[in-house]
Amino acid sequence: MIVIQTTLDQKAMIALARINRKTVRRGRSSPVRTFACTVAAVELGLAALFVWTGAGGWFINVLMAAIMIACVLGEDTVNGLMGLRQILPEGREVNVTFKDDHYIHRTKGSETWWNYRQIKAIGESEEYFAFVLDKNHGQIYRKDGFVWGTPEDFRAFIQKKTALKIQPGAADS
C-alpha cells in the first residue's frame, strides 16, 4: 500500500496541464502552436517592413506578434489556472491510497475509487507524478507528499499496475 498527501495549487495544476499537453494532446496542440509562431513571424516581418518604409502601423504588428507569442508560451499556465478554478476549495487537499486492484482518491468533499486501466498516460517531473485520464482530466501528486512508501516504490508499482511507461521530464518546460 502506498499513500500520498497532496495539495492542488497553481503550480501543481500548471504542471498537470503541461504533462497533458506533452502526452495525450501531443499531436493536437503542435499545429496550433506552429500556426501561432508563423503568424507572429509574419507580424514581425510586416512591422520591420513598415519601419523600413517609414509607414505607420508597425506598433500594432509588434503588439499582435507579442500577443501570439504570449499565447504560445502561456498555454499551460492558462489551462492550469482554468483547471484549478474548477476544483472546489474542499477538493484541493487530496489523500490517495494505492491498493493492489484500485486506488482511492479522497478529499474533504468526496471519495472516488479508480481502476488503474483508466490511466491513459503517466508523467513525472522533479516534483510530481501525474496521471492523464483523458485530454481534459488528470490527477497530480507531489513527490514530497508520500506518507507511506517512496517515489521509487511508487514508480515501480504504478508501471506494473498500468503497464504504462512513465514519461520522465514531461512536466518540465
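It should be noted that the structure appears before, not after, this text.
Computed from a predicted model, the values in this text were never measured in an experiment.

K.L.:
Even after reading the chapter, I still don't get the overall build of the protein, so can you show me in this structure?
P.N.:
Along the backbone of the protein there are five helices and nine strands. Sequence-ordered secondary structure for the protein, helices as α and strands as β, is β-α-α-α-α-β-β-β-β-β-β-β-α-β. For 173 residues, the compact-globule formula gives about 16 Å, and the C-alpha radius of gyration of the protein, at 20 Å, lies well above that figure. Taken along the three principal axes of its C-alpha coordinates, the protein extends 70 × 30 × 25 Å. Expressed as a percentage of contacts within the protein between residues at least 6 apart in sequence, the contacts between residues at least 24 apart total 61%. For the protein, the accessible surface area stands at approximately 10000 Å², while carbon and sulfur atoms represent 60% of it. Mean positive and mean negative side-chain charge positions of the protein (22 and 17 charges, respectively) differ by 5 Å.

K.L.:
Mind showing me how you'd approach the sheet that holds strand 2 (residues 93-98) here?
P.N.:
Each strand in a sheet pairs with another by means of backbone hydrogen bonds, the pair being arranged parallel or else antiparallel. Spatially, the five strands line up as an open sheet ordered 4-3-2-1-8, and their pairing is antiparallel. Each end of this open sheet is capped by a strand with a single partner; those strands are strand 4 (111-114) and strand 8 (146-148). Each strand axis lies, on average, 20 degrees off the axis of its neighbour in the sheet, ignoring direction. Strand direction decides the pairing type here: strand 2 and strand 3 (residues 103-106), joined by four bridges, are antiparallel.

K.L.:
What is the right way to read the sheet that holds strand 7 (residues 137-142) from this model?
P.N.:
Strand order across the open sheet formed by four strands is 7-6-5-9, with mixed pairing between neighbours. Each of the sheet's edge strands pairs with one partner strand only, and the pair in question is strand 7 and strand 9 (166-168). Across the sheet, the mean angle from the axis of one strand to that of its neighbour is 20 degrees, orientation sign disregarded. Judged from the six bridges that link them, strand 6 (residues 128-134) and strand 7 form a sheet pairing that is antiparallel.

K.L.:
Explain helix 1 (residues 10-22) here, please?
P.N.:
Note on helix geometry: an α-helix contains 3.6 residues per turn, so any two residues three or four positions apart are oriented the same way. Over its 13 residues, helix 1 extends 18 Å from the first C-alpha to the last, a length consistent with the 18 Å expected when each residue adds 1.5 Å. Of all 13 residues making up helix 1, 10 are buried, and the element is well covered by its neighbours. Every buried residue of helix 1 is listed here: Ala12, Met13, Ile14, Ala15, Leu16, Ala17, Arg18, Ile19, Asn20 and Arg21.

K.L.:
What am I meant to see in the packing of aromatic side chains here?
P.N.:
Note on aromatic pairs: each is described by the distance of the centres and the angle between the planes. Using the criterion set out here, one finds 14 aromatic pairs in the structure. Centroid distance phenylalanine 129 to phenylalanine 154: 4.8 Å. Interplanar angle 65 degrees. Geometry classified as edge-to-face. Residue phenylalanine 129 is located in strand 6, and its partner phenylalanine 154 is located in helix 5 (residues 151-162); the two are separated by 25 residues in the primary sequence. There is no split in this pair, since phenylalanine 129 and phenylalanine 154 are both buried. Here a set of aromatic residues connected by ring pairs shows up, and it is made of Phe98, Tyr103, Trp114, Tyr116, Phe129, Phe131, Tyr141, Phe146, Phe154 and Phe157. A cation sits over an aromatic face here: lysine 143 above phenylalanine 129, 5.0 Å from the ring centre.

Rules used in this analysis
Residues numbered from 1 in each chain as written. Predicted model: local features only at pLDDT ≥ 70, side-chain atom pairs only at ≥ 80, totals over all residues. Heavy atoms only, no water. Helix = DSSP H or I, 4+ residues; strand = E, 2+ residues; numbered from the N terminus. Rg over C-alpha atoms; globule rule 2.2 N^0.38 Å. Contact = heavy atoms within 4.5 Å. Areas by Shrake-Rupley, 256 points an atom, 1.4 Å probe, with all protein chains shown as cover. Lys, Arg positive; Asp, Glu negative; His and termini not counted. Charge placed at Lys NZ, Arg CZ, Asp CG, Glu CD. Pairing = 2+ DSSP bridges. Axes fitted to C-alpha atoms, helices over the stretch in contact; angles between N-to-C directions. Expected span 1.5 Å × (residues − 1). Buried < 20%, exposed > 50% of the residue type's maximum accessible area, 1.4 Å probe, protein only. Phe/Tyr/Trp six-rings, centres within 6.5 Å; stacked < 30°, edge-to-face > 60°. Lys NZ or Arg CZ within 6 Å of the ring centre and 35° of its normal.

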